[in-house]
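Each chain, written out:
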Amino acid sequence: MSIDLKQFAALQKNSKNSFFAQKKLLQQVMSGKTVLCATCQQPLKLLTPAQAEPTGVSCAKGCTDIALDFA
Ligand SMILES: [Zn+2]
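Once a new chain begins, its residue numbering starts again from 1 and follows that chain's sequence as written. The predicted nature of this model means local features are confined to residues of pLDDT at least 70 and side-chain atom pairs, given and counted, to a pLDDT of 80 or more, with totals for whole chains, interfaces and linings taken over all residues. Hydrogens are left out, water is left out, and the side-chain values use all remaining heavy atoms of the structure.

(A) Molecular detail of the sheet that holds strand 2 (residues 56-58). The pairing criterion for strands is at least two bridges between them, as found by DSSP. In DSSP terms, a helix is any run of H or I states spanning at least four residues, a strand is any run of E spanning at least two, and both are numbered starting from the N terminus. Judged by pairing direction, the sheet is antiparallel, and its three strands sit side by side in the order 1-2-3 without closing on themselves. The open sheet has two edge strands, strand 1 (45-47) and strand 3 (65-67), and neither has a second partner. Strand-to-strand, the axes of this sheet are offset by a mean angle of 15 degrees, without reference to chain direction. The axes used here are C-alpha line fits, helices contributing only the stretch in contact, and every angle between their N-to-C directions lies in the interval 0 to 180 degrees.

(B) Seen up close, the coordination of the zinc ion. Water is not among the atoms examined, so metal sites may look incomplete; donors are the N, O and S atoms within 2.8 Å of the metal, or within 3.2 Å for Na, K and Ca. Of the protein atoms, only Cys37 (SG), Cys40 (SG), Cys59 (SG) and Cys63 (SG) coordinate the zinc ion, at distances of 2.3 Å. One can describe the donor arrangement at the zinc ion as tetrahedral, given that its four donor atoms subtend angles of 106 to 116 degrees at the metal. On the primary sequence, the residues serving as donors to the zinc ion are separated as C-x2-C-x18-C-x3-C. Of this pair, Cys40 sits in the loop between helix 1 (5-30) and strand 1 while Cys59 sits in the loop between strand 2 and strand 3, placing them 19 residues apart in sequence. Exposure categories follow from relative accessible area, calculated using a 1.4 Å probe and restricted to protein chains: below 20% of the type maximum is buried, above 50% is exposed, and the middle band is partly exposed. Assessed through its relative accessible area of 15%, Cys40 is described here as buried. Here a site with four donors is tetrahedral if all angles are between 85 and 135 degrees, and a site with four or six donors is square planar or octahedral if opposite donors are over 155 degrees apart and the other angles are between 65 and 115; anything else gets the irregular label.

(C) Structural context of unusual backbone geometry. A positive phi angle is found at Gln41, which is not glycine, with a value near 65 degrees. Assessed through its relative accessible area of 47%, Gln41 is described here as partly exposed.

(D) Region of interest: a nonpolar patch on the surface. Residues Leu5, Phe8 and Leu11 make up a contiguous nonpolar surface patch of about 350 Å² in total accessible area. Here Phe8 lies in helix 1. Like charges are joined within 9 Å and nonpolar side chains (Val, Leu, Ile, Met, Phe, Trp, Tyr) within 5 Å, but only among residues with over 30% relative accessible area and no salt bridge; these make up the patches. To be clear on the numbers: accessible area is Shrake-Rupley with a 1.4 Å probe, and residue cover counts the displayed protein chains and nothing else. Each salt bridge in this description consists of a side-chain nitrogen of Lys or Arg and a carboxyl oxygen of Asp or Glu lying within 4 Å of one another.

In structure tokens, the structure reads:
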């Protein structure tokens, strides 16, 4: 099996983009802004260690579920 380097590079770029998108989203939620889930349009909730495990940002339906390490 050979790896298509162009595809591989595109894949890396995509995951990098989504990493930054998630980071930006987390920053918005953590600063108290209301951010809606891209899928169900419900407000995303910030789950802190005091509230729930695992911690992170998720919507009520769970289609957005970003794990966030508070440690
Ligand atoms: Zn959702």
